[in-house]
Amino acid sequence: MSPTGKKGVPRALAGALVAVAVVLAAVVGWLAYGKLQDNAAEVARTDAVKAAEEQAVAVLAYSYDKVDEQVAAAAEGLTGDFREEYLNLMNNVIVPGAKEKSISVQAVVQSSSIVSAEADHAVAMLFVNTISTNSEFPEAVSSASRVRVELENEDGRWLVSRLGPI
């Protein structure tokens, strides 16, 4: 009679087969989880860079005759702390100056790239050109800058949590 007490597969071999099956299941689960994370990061790369481009233009561009509406719309794409900083700067400094001197700024993203991306956080770098006009100097002045944009995914929507020059 075999160590199983019956005819058939010995206990040691049965235990080894169970152990191998458990290890294989764990490896497959780990690989599937990694694939899901990779897919989430790839989606983040695509969606976050698009949001970074759109929000950078919304934050940086304004026209003196529509600045109040533009500031309110841009603030919708920002996270809490950064939103408060942005609104404070715009409402206390930029908006009054824009209205007083008829300042308008156009912004165009020339190029963009993702620095890092995860399912809920991303960092992008943008190359942005701006063109400014005002009542004192009506001839357009252009400038180019590099901008770092940090984003957070909140409820499936990428919001800017920080935006600043590099």
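Residues numbered from 1 in each chain as written. Predicted model: local features only at pLDDT ≥ 70, side-chain atom pairs only at ≥ 80, totals over all residues. Heavy atoms only, no water.

Peer 1: Would you take a moment to explain the pairing of strand β5 (residues 157–165) for this structure?
Peer 2: Successive side chains on a regular strand alternate, one facing one side of the sheet and the next facing the other. Bridge analysis of strand β4 (residues 141–154) against β5 gives 8 bridges, and the strand direction is antiparallel. What sits directly across from Glu150, in β5, is Arg162. Between β4 and β5, which pair antiparallel one after the other, the connecting turn spans 2 residues, and Asp155 there sits at a positive phi close to 55°. (Pairing = 2+ DSSP bridges. Helix = DSSP H or I, 4+ residues; strand = E, 2+ residues; numbered from the N terminus.)

Peer 1: How should the sheet that holds strand β1 (residues 62–63) be read in this particular structure?
Peer 2: Sheets are built from strands that pair by backbone hydrogen bonding, the pairs being arranged parallel or antiparallel. Taken together, 5 strands build an open sheet; the order of strands is β1-β2-β3-β4-β5 and the sheet is antiparallel. Only two strands of the sheet have a single neighbouring strand rather than two, namely β1 and β5. Across the sheet, helix α3 (residues 80–101) lies against β1 and β5, angled at about 60° from β5, the strand it touches most. (Contact = heavy atoms within 4.5 Å. Axes fitted to C-alpha atoms, helices over the stretch in contact; angles between N-to-C directions.)

Peer 1: When you look at the nonpolar core in this model, what are you seeing that I'm missing?
Peer 2: Soluble globular proteins: nonpolar side chains tend toward being buried together. Ranked by size, the top nonpolar core spans 34 residues in total, and within it Tyr62, Tyr86, Val149, Leu151, Trp158, Val160 and Leu163 carry the most contacts. Contributions of two or more residues to this core are made by α1 (11–60), α2 (67–75), α3, β2 (104–117), β3 (121–133), β4 and β5. With 7 residues, the top contributor of residues to this core is α1. Sequence-distant contacts of Trp158, that is, excluding residues within four places in its chain, are made with Ala44, Asp47, Ala48, Ala51, Glu118, Ala119, Asp120, His121, Ala122, Leu151, Glu152 and Asn153. (Core = buried A, V, L, I, M, F, W, Y, C linked by side-chain atoms within 4.5 Å. Buried < 20%, exposed > 50% of the residue type's maximum accessible area, 1.4 Å probe, protein only.)

Peer 1: Can you walk me through a nonpolar patch on the surface in this structure?
Peer 2: A grouping of Val23, Val27, Trp30 and Leu31 is seen on the molecular surface, where their side chains present a nonpolar patch of about 440 Å² in accessible area. Turning to its location among the elements, Val27 is positioned in helix α1. (Patch = residues over 30% accessible without salt bridge, like charges linked within 9 Å, V, L, I, M, F, W, Y side chains within 5 Å. Areas by Shrake-Rupley, 256 points an atom, 1.4 Å probe, with all protein chains shown as cover. Salt bridge = Lys/Arg side-chain N within 4 Å of Asp/Glu carboxyl O.)

Peer 1: Which parts of the structure should I look at to understand the environment of Gly77?
Peer 2: For Gly77, the location among the structural elements is in the loop between α2 and α3. Residue class for Gly77 comes out buried when judged on its relative accessible area of 2%. Taking C-alpha positions, Gly77 is 9.0 Å from Val59, a pair spaced 18 residues apart along the chain. With near-sequence residues (within four places) excluded, Gly77 lies in contact with Gln55, Arg157, Leu159 and Val160.

So far we have only geometry, and geometry alone does not tell us how the molecule works.
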